[in-house]
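# Observations on chain architecture
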Amino acid sequence: PSAVNAFINSAKPRAVKVYHPKLDLAGDLWFEPTVPMSRLIKRAKRVRVENETFRVASIEDLIQMKQAALKDDPSRPQDRADIESLRSRQKESRL
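Residues numbered from 1 in each chain as written. Predicted model: local features only at pLDDT ≥ 70, side-chain atom pairs only at ≥ 80, totals over all residues. Heavy atoms only, no water.

Here we come to the pairing of strand 2 (residues 25-30). In this sheet, strand 2 lies alongside strand 1 (residues 15-20) in antiparallel orientation, the contact comprising 6 bridges. Residue pairing across strands places K17 opposite D28, the latter belonging to strand 2. (Pairing = 2+ DSSP bridges. Helix = DSSP H or I, 4+ residues; strand = E, 2+ residues; numbered from the N terminus.)

Structure (structure tokens):
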């Protein structure tokens, strides 16, 4: 924990990757969201995995956050792939 706090205080990241080994889930923990928190909460969907419930940002909000991450660091190929995948899901859900 002290190493994590030192990293957060020195690097001042906008977000960090997190992983829950028991549930085998990965995600981003945002310290400085690019979408207002009130909007994220209002549009989020509740997802239940085993005995845990998580709020997952809407597709539109995820795309906006991924675009902001790319703007900060254009060398993030996974964010590009995620945006393409999210846009495909967005189109499918509108059909």
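Burial analysis of strand 3 (residues 45-49) places just 0 of its 5 residues in the buried class, which makes it a mostly uncovered element. Judged from the 5 bridges that link them, strand 3 and strand 4 (residues 52-56) form a sheet pairing that is antiparallel. Residue R46 lies in a different strand from strand 4, and its bridge partner there is R55. Here strand 3 folds back onto strand 4, and the loop between the two strands holds 2 residues, one of which, E50, carries a positive phi near 50°. (Buried < 20%, exposed > 50% of the residue type's maximum accessible area, 1.4 Å probe, protein only.)

The next subject is helix 4 (residues 77-94). Over its 18 residues, helix 4 runs 26 Å from end to end, which matches the ideal 26 Å to within 8%, given 1.5 Å per residue. Along helix 4, the residues classified as buried are D79, I83, L86 and Q90. One side of helix 4 carries all its buried residues, which in axial view fall inside an arc of 70°. Opposite the buried face of helix 4, by more than 90 degrees, sit the exposed residues P77, E84, R89, K91 and E92. (Expected span 1.5 Å × (residues − 1). Arc of directions from axis to C-beta.)

Before going further, it helps to spend a moment on the pattern of salt bridges. In total, this model carries 6 salt bridges according to the counting rule given. Its salt-bridge partner being D61, residue R39 comes within 2.6 Å of it at the nearest N-O pair. Remark: D61 occurs in helix 3 (residues 59-72) and R39 occurs in helix 2 (residues 37-43); sequence separation between them is 22 residues. What makes R39 partly exposed here is its relative accessible area of 29%. Among the residues examined, D61 registers a relative accessible area of 0% and is labelled buried. One salt bridge in this structure joins D82 and K66, with 2.8 Å as the shortest N-O distance. Linking D82 in helix 4 with K66 in helix 3, this pair joins segments that are 16 residues apart in sequence. It is possible to trace a salt-bridge network through shared partners that takes in R39, R43, E60 and D61. (Salt bridge = Lys/Arg side-chain N within 4 Å of Asp/Glu carboxyl O.)

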